[in-house]
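What the coordinates show
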Amino acid sequence: MKAIIFDVDGTLTDGKIYMGNDGEVMKRFDVKDGCGIHDLMPMHNLIPIIITARSSSIVANRCKELGVTYYYQGCRDKIKKLDEIAEELHFCKDFAGIYQEVAYMGDDIIDLPVMKKCRFKGCPSDAVSEVREIADFISVNAGGNGAVREFIEWIIKRI
């Protein structure tokens, strides 16, 4: 395993988007998830990657706080983005092998195409049923409530 990829809304957050007159003003993240990304993943040579369809300065700030170098916002085609990342990071010599070197955690239908290709697939307990049906790991926790940390620990036991 080289990396774990995470969606944001509904996975790293509780999926709630708080909007004010000027746009998005707040997202809620879990400290335990942050510790898993910031502390546990590097100890096991796992690269954290964030790919999210929405764009938010809040996400950019959280990624910087956690030391996540590879975060990509405004990406609806997550397979295309992962192919680009794999080439940039020299994960594998052939695209067929890329997906055996990464795990993915998401919660909604936009995550399905990339999840279906990855070696390990995880989701929070409150993910949509289509995602839960293909997941190798379903957290006991909802998104934004420690589900990411639980998935990280599950992956570490398997590598």
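Scroll up to find the structure.
In this report, we go over the structure that sits alongside the text. Since we're looking at a predicted model, the values are computed, not measured. (Residues numbered from 1 in each chain as written. Predicted model: local features only at pLDDT ≥ 70, side-chain atom pairs only at ≥ 80, totals over all residues. Heavy atoms only, no water.)

**Looking at the packing of helix α1 (residues 31-43) against helix α2 (residues 57-66)**
Running from N to C, α1 and α2 cross one another at 55°; their axes reach a closest spacing of 9 Å. When the axis of α1 is compared with that of α2, the two are oblique. Between α1, through Val-31, Gly-34, Ile-37 and His-38, and α2, the contact on the second element is made entirely by Arg-62, Glu-65 and Leu-66. The residue inventory of the contact of α1 with α2, partitioned by class, reads 3 nonpolar, 2 polar and 2 charged. (Axes fitted to C-alpha atoms, helices over the stretch in contact; angles between N-to-C directions. Helix = DSSP H or I, 4+ residues; strand = E, 2+ residues; numbered from the N terminus. Parallel < 35°, antiparallel > 145°, perpendicular 65-115°, else oblique. Contact = heavy atoms within 4.5 Å. Nonpolar A, V, L, I, M, F, W, Y, C, P; charged D, E, K, R; others polar.)

**Re the nonpolar core**
Note on soluble globular proteins: their nonpolar side chains tend to be buried together. Within the largest apolar cluster, 24 residues are counted, with the highest numbers of intra-cluster contacts made by Ile-4, Phe-6, Ile-37, Phe-151, Ile-152 and Ile-155. Elements that contribute at least two residues to this core include exactly β1 (3-6), α1, α2, β6 (102-105) and α7 (147-158). At 7 residues, the largest contribution of residues to this core is made by α7. If you look at the next biggest cluster of nonpolar residues, it comprises 22 residues, including Leu-89, Met-115, Cys-118 and Ala-135. (Core = buried A, V, L, I, M, F, W, Y, C linked by side-chain atoms within 4.5 Å. Buried < 20%, exposed > 50% of the residue type's maximum accessible area, 1.4 Å probe, protein only.)

**Thoughts on the side chain of Ser-56**
Looking at the element boundaries, Ser-56 is found in the loop between β4 (47-51) and α2. Excluding residues within four positions of it along the chain, Ser-56 makes contact with Glu-24, Lys-27 and Gln-73.

**Topic: the packing of aromatic side chains**
Evaluated as defined, the whole model comprises 4 aromatic pairs. Where Phe-137 meets Phe-151, the ring centres are 5.5 Å apart and the plane angle is 35°; that geometry is what we call tilted. Note that Phe-137 is positioned in strand β8 (residues 137-138) and Phe-151 in helix α7, a separation of 14 residues in sequence. Taking the relative accessible area as the measure of exposure, Phe-137 reaches 8% and is therefore buried. Ring centres of Phe-151 and Trp-154 lie 6.0 Å apart, and the angle between their planes is 15°; on these two criteria the pair is classed as stacked. Highlighted residues: Phe-151 and Trp-154, both in helix α7, separated by 3 residues, approximately one helical turn. (Phe/Tyr/Trp six-rings, centres within 6.5 Å; stacked < 30°, edge-to-face > 60°.)

**Some thoughts on the layout of surface pockets**
Of the pockets and cavities examined, the largest pocket occupies roughly 220 Å³. Taken together, Asp-7, Asp-9, Thr-52, Ala-53, Arg-54, Arg-76, Lys-78, Asp-107, Asp-108, Ile-109, Ile-110 and Asp-111 make up the lining of the largest pocket. When grouped by side-chain class, the residues that make up the lining of the largest pocket number 3 nonpolar, 1 polar and 8 charged. (1 Å grid on protein atoms, 1.4 Å probe; cavity = no way out; pocket = protein on both sides within 12 Å on 5 of 7 lines; lining within 4 Å. Points joined across faces, edges and corners; volume = space filled by probe spheres on them.)

**Details of the sheet that holds strand β7 (residues 120-123)**
What the 6 strands build is an open sheet, ordered β5-β4-β1-β6-β7-β8; its pairing is parallel. The open sheet has two free edges, formed respectively by β5 (70-72) and β8, since each of these has just one partner strand. When β6 meets β7, the two strands line up parallel, connected through 3 bridges. Directly across from Tyr-104, in β7, lies its bridge partner Lys-121. (Pairing = 2+ DSSP bridges.)

Scope: geometric values only; no functional claims are made or implied.
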